[in-house]
Amino acid sequence: MSHLDRLRAVFRMALNLPPDTDVDGLEYRAIPQWDSLAHMALIAAMEDEFSVMIDTDEMIDMSSFAKAAGLLEKHGIGAAAL
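Residues numbered from 1 in each chain as written. Predicted model: local features only at pLDDT ≥ 70, side-chain atom pairs only at ≥ 80, totals over all residues. Heavy atoms only, no water.

In the annotation of an unreviewed UniProt entry, the chain is listed under the name Acyl carrier protein and assigned to Nonomuraea composti.

The following block contains the structure:
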């Protein structure tokens, strides 16, 4: 499973979305499920899945799936560009 597929799975799980939901274009607060509490759960799930530590500035800046993929790249996780 690619890093992006793993990230998609993390998004779906943390945001309680159906398994077939397209999350690639998802942005923070674009759906009711992605509120501030879910954002923290998503950050924690990403940290667990990819064994990274996400700092406060990164948490605030991570406002979309694309930014989450870029954040993983910054941490050395080989997420390909969308």
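That shown, we press on.
Attention now goes to the environment of phenylalanine 11. The residue phenylalanine 11 is located in helix 1 (residues 3–14) in this model. Owing to a relative accessible area of 0%, phenylalanine 11 belongs among the buried residues under this scheme. A C-alpha to C-alpha distance of 9.5 Å links phenylalanine 11 and tryptophan 34, two positions 23 residues apart in sequence. Those residues in contact with phenylalanine 11 that sit more than four places away from it in its chain are Leu17, Val23, Leu26, Trp34, Leu42, Met46, Ser64, Phe65 and Ala68. (Helix = DSSP H or I, 4+ residues; strand = E, 2+ residues; numbered from the N terminus. Buried < 20%, exposed > 50% of the residue type's maximum accessible area, 1.4 Å probe, protein only. Contact = heavy atoms within 4.5 Å.)

With that settled, the discussion passes to the pattern of salt bridges. Under the defined criterion, the tally for this structure stands at five salt bridges. The closest approach of N and O atoms between glutamate 58 and lysine 74, which form a salt bridge, is 2.7 Å. Of this pair, glutamate 58 sits in helix 3 (residues 56–61) while lysine 74 sits in helix 4 (residues 65–74), and the two are 16 residues apart along the sequence. Classification of glutamate 58 by relative accessible area gives buried; the value is 8%. One salt-bridge network, in which partners are shared between bridges, spans Asp5, Arg8 and Asp24. (Salt bridge = Lys/Arg side-chain N within 4 Å of Asp/Glu carboxyl O.)

As a further point, take the packing of helix 1 against helix 2 (residues 36–50). At a closest axis distance of 9 Å, the pairing of helix 1 and helix 2 adopts a crossing angle of 145°. Where helix 1 crosses over helix 2, the handedness of that crossing is right-handed. Contacts between helix 1 and helix 2 pair His3, Arg6, Leu7, Val10, Phe11, Met13 and Ala14 from the former with Ala41, Leu42, Ala45, Met46, Glu49 and Phe50 from the latter. Here the residues of the contact of helix 1 with helix 2 sort into 10 nonpolar, one polar and two charged. (Axes fitted to C-alpha atoms, helices over the stretch in contact; angles between N-to-C directions. Left-handed = near helix turned anticlockwise from the far one by under 90°. Nonpolar A, V, L, I, M, F, W, Y, C, P; charged D, E, K, R; others polar.)

If you walk through the whole model with that rule in mind, you get three aromatic pairs. Between phenylalanine 11 and tryptophan 34, the aromatic rings sit 5.4 Å apart at their centres with planes inclined by 90°, giving edge-to-face as the arrangement. Of this pair, phenylalanine 11 sits in helix 1 while tryptophan 34 sits in the loop between helix 1 and helix 2, and the two are 23 residues apart along the sequence. Judged by relative accessible area, which is 0%, tryptophan 34 ranks as buried. Aromatic side chains tyrosine 28 and tryptophan 34 sit 5.7 Å apart centroid to centroid with 75° between the ring planes, which places their arrangement in the edge-to-face category. Through a chain of ring-to-ring contacts, the aromatic side chains of Phe11, Tyr28, Trp34 and Phe65 assemble into a single cluster. (Phe/Tyr/Trp six-rings, centres within 6.5 Å; stacked < 30°, edge-to-face > 60°.)

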